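Chain by chain, the residues run as shown.
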Amino acid sequence: MMKYHKPEAKVLQELKDIAHKLRIDCINSTNASNSGHPTSCSSIAEIMAVLFFHVMRYDLKNPRDASHDRLILSKGHAAPILYAAWAETGLFPVDELLNLRKVDSDLEGHPTPRLNFVDVATGSLGQGLSVACGMSYVGKNYDKASYRTYCILGDGESAEGSVWEALNFASFYKLDNLCAIFDINRLGQSEPTILKHDIETYRKRIESFGFHVIVVDGHDVEELCKAFFEASTIKEKPTAIVAKTFKGKYFPGIEDLVEWHGKPLGDKSEAVIQHLKSFIRNPNKVSIQRPAIEGPFPPKLPTTQVMLSSPPAYKKDDNVATRFAYGTALTKLASNNSRIIGLDGDTKNSTYSDRIKKLFPDRHIECFIAEQNLVGVAIGAACRDRTIPFVSTFATFFTRAFDQIRMGAISLTNVNFVGSHCGISIGEDGPSQMALEDIAIFRAVPGSTVFYPSDAVSTERAVELAANTKGVCFIRTSRPNTAIVYSNDELFTVGKAKLLKSSNSDKLLVIGAGVTLHEALDAATELQHKYNINIRVIDPFTIKPLDEQCVINNAQQCGGKIITVEDHYSEGGLGEAVMSAVAEYSNIIVKKLAVTSLPRSGPPSVLLDMFGISSKNIVKNVLNMI
């Protein structure tokens, strides 16, 4: 084992100087924007100085290179000191820090990947450690590389349950390339934190989760240097550095006072800056030699389009659940591309993500029943394009991780979410298990793509398309077995609907998806045979983007009448997507069939009928409209 060598006195002094320069930079930048969090920055000044100028391995020519160490600033409100650290390294001029929070500057109030040194957006607290876990898992198990991941958390955000989900995950998977740094500065936004400066309780709690814990004075650069070295030597468990710090450290009349959260120093700035300058021995720009970037290095990854290893192969009389087809497609993608991985929250035998685990055991990450961490790990795993993650669970359980999904979109992540057991068609399990708001949630995510395949063939192609689509993708899969609608060689495109039934005498257009598409086709058959009425049926395939022109053109050819039918609440789903598409056309009217009240347990066919979205109800509404 390597022995620790105390840095020379000159190096330690330079690290102290840098910490104070970072404080001054933060005061100046937050004053320039008249907003920000200089006191929250000050508590981690020494931590940032030691990380950036003594510990982390990186190259300014490409800050997000796959072989470099990673840093997640989970306490994203301390963004000014992250920006200051990169500026002081020479990545960009220090003067640019004065553009903090300006509308034409990428130095936003909280970090986003618009900046080439930021991997993910932070600021919604409690999420950074999960992302760091995903990065560390990939580094240890897939890249098998030497890079390390550091995550700085505030003590206030450690009240979030997602932090403890991440601690549990990191310990279970022995992520010894992960170092979490807890900034215990005692103060939250409006009052002291739960444990204040009870460092021993922090130590015991984190240690009980299986971490190697090092307690330090967070303002002592020598202690920090030694702690980071010790962390690098620990094997088979992650490390947490618990740093006792003070908010507004070295700010006279401000340090450790509660009312200074999120406020620039204003007229107190000059006196504080002069006080800080009195500690600096070398006011000139210093250049400390950082550790060299060493191997083993991450492997180069395939950059070709991701494709199924073989096309869909179903018979016309097959009945296959789309959730099962998802599992089939995932294994086909994984067979063709080493970047494809699956993650699940202990539902893999129901979502069928267990199929990739059986074929490629190391390409499946079990995240257990901790959906917030599940999503965060996936976002981390996708960073720097190291993997293409598919995250599966019951669609309804993504609701508890919506904030993580939302932040993933702000992070410009490429993560694919697959939600099974959607709608009342799951039957007897009852309303707690029925996803009825999931389309609305994912439609609201900026830049998202929402797939709603209706048979096994379209599901396989949806999975393939999602793997090649930028941004957040959601694939909604169903529990019941359904008939095969498409031939195995059918071509699918994001944003292009499929016209499944039409004639020159169609009286009305019906749009369904998933199980309700099959109900619509059954209704069309009954209307034709029993009433000699023809209706047109469309499968949208993607709800977002919706094929608006297809909807409008076909509606106009059917007398301007549309019925949408969906196994989803009426708010925010297929019906409202269609209504938005035709809103400016006064000659088109839409009747929306959806679940409009709280459902209950029962056989799927009974529930579809009871809540008005069965073929029987479609027939009734068609007759009423024409």
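Keep in mind the model is a prediction, meaning the values are calculated, not measured.

Moving on to the sheet that holds strand 16 (residues 536-539). The 5 strands are arranged 14-16-15-18-19 in an open sheet whose pairing can be described as mixed. For this open sheet the edge positions go to strand 14 (498-501) and strand 19 (589-595), each flanked by a neighbour on one side alone. For this sheet, the mean inter-axis angle between neighbouring strands, taken without regard to orientation, is 25°. Alignment of strand 18 (residues 561-569) against strand 19, held across 6 bridges, turns out to be parallel. Each bridged residue has a counterpart across the sheet, and for Val 565 the counterpart in strand 19 is Leu 593. Strand contacts of helix 21 (residues 615-625): strand 15 (509-512), strand 18 and strand 19, with the helix running at about 150° to strand 18, the strand carrying the most contacts.

Here the focus is unusual backbone geometry. Following Gly 295, the chain continues to Pro 296 via a peptide bond in cis, the omega torsion being 5°. Take Pro 296: it is sitting in the loop between helix 9 (269-277) and strand 6 (319-321). Of note, the phi angle at Glu 236 is positive, near 70°, even though the residue is not glycine. Tracing the chain through its elements places Glu 236 in the loop between helix 8 (221-233) and strand 5 (239-244).

To continue, consider the pattern of salt bridges. A complete count under the given rule lists 26 salt bridges for this structure. Between Asp 609 and Lys 616 there is a salt bridge, with its nearest N and O atoms 3.7 Å apart. The class for Asp 609 is partly exposed, based on a relative accessible area of 29%. Judged by its relative accessible area of 56%, Lys 616 is exposed.

Here the focus is the sheet that holds strand 7 (residues 340-344). Overall, mixed pairing links the 7 strands, which are arranged 8-7-9-10-12-11-17 in an open sheet. The open sheet has two edge strands with one neighbour each: strand 8 (364-366) and strand 17 (542-544). Neighbouring strand axes in the sheet, compared pairwise and without regard to direction, differ in orientation by 20° on average. Bridge analysis of strand 11 (residues 449-451) against strand 17 gives 2 bridges, and the strand direction is antiparallel. Bridge pairing links Phe 451 to Thr 542 in strand 17. Across the face of the sheet, helix 13 (residues 371-382) comes into contact with strand 7, strand 9 (388-394) and strand 10 (416-420) while running at roughly 170° to strand 9.

Conventions used here
Residues numbered from 1 in each chain as written. Predicted model: local features only at pLDDT ≥ 70, side-chain atom pairs only at ≥ 80, totals over all residues. Heavy atoms only, no water. Pairing = 2+ DSSP bridges. Helix = DSSP H or I, 4+ residues; strand = E, 2+ residues; numbered from the N terminus. Axes fitted to C-alpha atoms, helices over the stretch in contact; angles between N-to-C directions. Contact = heavy atoms within 4.5 Å. Salt bridge = Lys/Arg side-chain N within 4 Å of Asp/Glu carboxyl O. Buried < 20%, exposed > 50% of the residue type's maximum accessible area, 1.4 Å probe, protein only.

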